[in-house]
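Chain by chain, the residues run as shown.
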Amino acid sequence: MSNESSPLSVRPVRAFADNYIWLIAAPNAPRRVVAVDPGEASPVFAELDRHGMSLAAILLTHHHADHIGGVATLCAAAEVPVFGPDDARIPGLTRRLADGDTVELDSLGLHFAVMHLPGHTISHIAFHGHGAVFCGDTLFSAGCGRMFEGTPVQMSASLRRLGNLPAATWVYAGHEYTAANLRFALEVEGDNAEASAYRARVAALRAEDLPTLPSTIGLENRVNPFLRCGEPAVHAAVAAHEGRPLADPVAVFAALRAWKDGFRA
Ligand SMILES: [Zn+2]
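Since the structure is predicted, the reported quantities are computational estimates derived from the model, not experimental observations.

## Concerning the coordination of the zinc ion
For step 1, the next point in the chain: Surrounding the zinc ion are the protein donor atoms His62 (NE2), His64 (ND1), His120 (NE2) and Asp137 (OD), at 2.2 to 2.3 Å.
For step 2, the next point in the chain: One can describe the donor arrangement at the zinc ion as irregular, given that its four donor atoms subtend angles of 89 to 170 degrees at the metal.
For step 3, the next point in the chain: We note that the donor set of the zinc ion lies within a single chain, spaced as H-x1-H-x55-H-x16-D. Highlighted residues: histidine 120 in the loop between β8 (110–116) and β9 (125–129) and aspartate 137 in the loop between β10 (132–136) and β11 (139–140), separated in sequence by 17 residues. One exposure class covers both histidine 120 and aspartate 137, and it is buried.

And the structure:
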């Protein structure tokens, strides 16, 4: 079994305009890697070649093409297990996962608990283990995914589950949206000093074309308005924007998500 306390070695692979495919190095075999959400095969092949690594498994968070599009090509080159949500829209799965399942990759020294997080899509899952969570398009740094299929009740509960993970948990999300998300976060909560400081760090990273991820759950709980719908400042700002009282954090979340959908920084 792997050591829960040892941090994972994870490298980002860029795909499309702003996707990240995460490559997790196996603690027991560092040149073998697990790919999370390979929407494209070619950048994964390039990264494997560059570092003399081989693919050992694939983890998928949801069915969108920019997260699964490279699976068939990768599996044609190397027959590896493919783990993902139980959703007929995802071809090529070798194991279909539900909430509370575990992914045990004993020979690699990797194991993850599966969290079902409906909202962005109805079958979206995340993989939690080794002090990290691979959360696809549910939680982004300073933002969250659009609600394509789920309800505000579902999406806000999914985000609350992520927010309740240990503060030190590394957050590996599916897209580099942090800078734009922070513009909206500070529109909502202009007095959030930590969000302002984070914006400066993010701007410096992006100026050097570096990833802003991983984030941590602790940071997200302090700067991400979608995890802060129970905070009086966020509640008040959203109610003011709506021009009506909002009954509870779910109502705040629904109005906040709709506000973001129409927001252009
Ligand atoms: Zn998606």
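## Brief notes about the packing of aromatic side chains
For step 1, the next point in the chain: The final tally for this structure, using the stated rule, is nine aromatic pairs.
For step 2, the next point in the chain: Between phenylalanine 226 and phenylalanine 253, the ring centres sit 5.9 Å apart and the planes meet at 70 degrees, which makes this aromatic pair edge-to-face. Here phenylalanine 226, found in the loop between α7 (217–223) and α8 (232–242), pairs with phenylalanine 253, found in helix α9 (residues 249–261); they are 27 residues apart in sequence, far enough to count as distant. Neither residue differs from the other here; phenylalanine 226 and phenylalanine 253 are each classed as buried.
For step 3, the next point in the chain: Through a chain of ring-to-ring contacts, the aromatic side chains of Tyr20, Trp22, Phe112, Phe134 and Tyr172 assemble into a single cluster.

## As for the sheet that holds strand β14 (residues 215–216)
For step 1, the next point in the chain: Read from one edge to the other, the open sheet built from six strands follows the order β7-β8-β9-β10-β13-β14, with strand pairing classed as mixed. Two strands lie at the open edges of the sheet, namely β7 (102–105) and β14, each paired on one side alone.
For step 2, the next point in the chain: In the sheet, β7 pairs with β8 via four bridges, with the strands oriented antiparallel. Along β8, the bridge assignment pairs leucine 105 with leucine 110.

## Comments concerning the environment of valine 234
For step 1, the next point in the chain: By the secondary structure assignment, valine 234 is in helix α8.
For step 2, the next point in the chain: The exposure class of valine 234 is buried, given its relative accessible area of 0%.
For step 3, the next point in the chain: A C-alpha to C-alpha distance of 32 Å links valine 234 and leucine 60, two positions 174 residues apart in sequence.
For step 4, the next point in the chain: Dropping the residues within four chain positions of it, valine 234 is found in contact with Val188, Glu189, Pro225, Arg228, Cys229 and Val252.

## Here we look at the layout of surface pockets
For step 1, the next point in the chain: Space inside the largest pocket adds up to approximately 340 Å³.
For step 2, the next point in the chain: Along its surface, the largest pocket is lined by 17 residues, and Arg146, Tyr177, Asn181, Arg257 and Lys260 are the ones closest to its centre.
For step 3, the next point in the chain: Elements with a minimum of two residues in the lining of the largest pocket: α5 (178–188) and α9.
For step 4, the next point in the chain: Residues that form the lining of the largest pocket fall into these classes: seven nonpolar, five polar and five charged.
For step 5, the next point in the chain: Its boundaries defined by the atoms lining it, the second largest pocket holds a volume of some 180 Å³.
For step 6, the next point in the chain: Lining of the second largest pocket is provided by 13 residues; of these, Ser156, Arg160, Phe226, Leu227 and Cys229 occupy positions nearest its centre.
For step 7, the next point in the chain: Breaking the lining of the second largest pocket down by element, the ones donating at least two residues are α4 (152–163) and α9.
For step 8, the next point in the chain: Here the residues of the lining of the second largest pocket sort into seven nonpolar, four polar and two charged.

What counts and what doesn't
Residues numbered from 1 in each chain as written. Predicted model: local features only at pLDDT ≥ 70, side-chain atom pairs only at ≥ 80, totals over all residues. Heavy atoms only, no water. Donors = N, O, S within 2.8 Å, 3.2 Å for Na, K, Ca; no water. Tetrahedral: all angles 85-135°; square planar, octahedral: opposite > 155°, others 65-115°. Helix = DSSP H or I, 4+ residues; strand = E, 2+ residues; numbered from the N terminus. Buried < 20%, exposed > 50% of the residue type's maximum accessible area, 1.4 Å probe, protein only. Phe/Tyr/Trp six-rings, centres within 6.5 Å; stacked < 30°, edge-to-face > 60°. Pairing = 2+ DSSP bridges. Contact = heavy atoms within 4.5 Å. 1 Å grid on protein atoms, 1.4 Å probe; cavity = no way out; pocket = protein on both sides within 12 Å on 5 of 7 lines; lining within 4 Å. Points joined across faces, edges and corners; volume = space filled by probe spheres on them. Nonpolar A, V, L, I, M, F, W, Y, C, P; charged D, E, K, R; others polar.

All we've got here are geometric facts, nothing functional implied.
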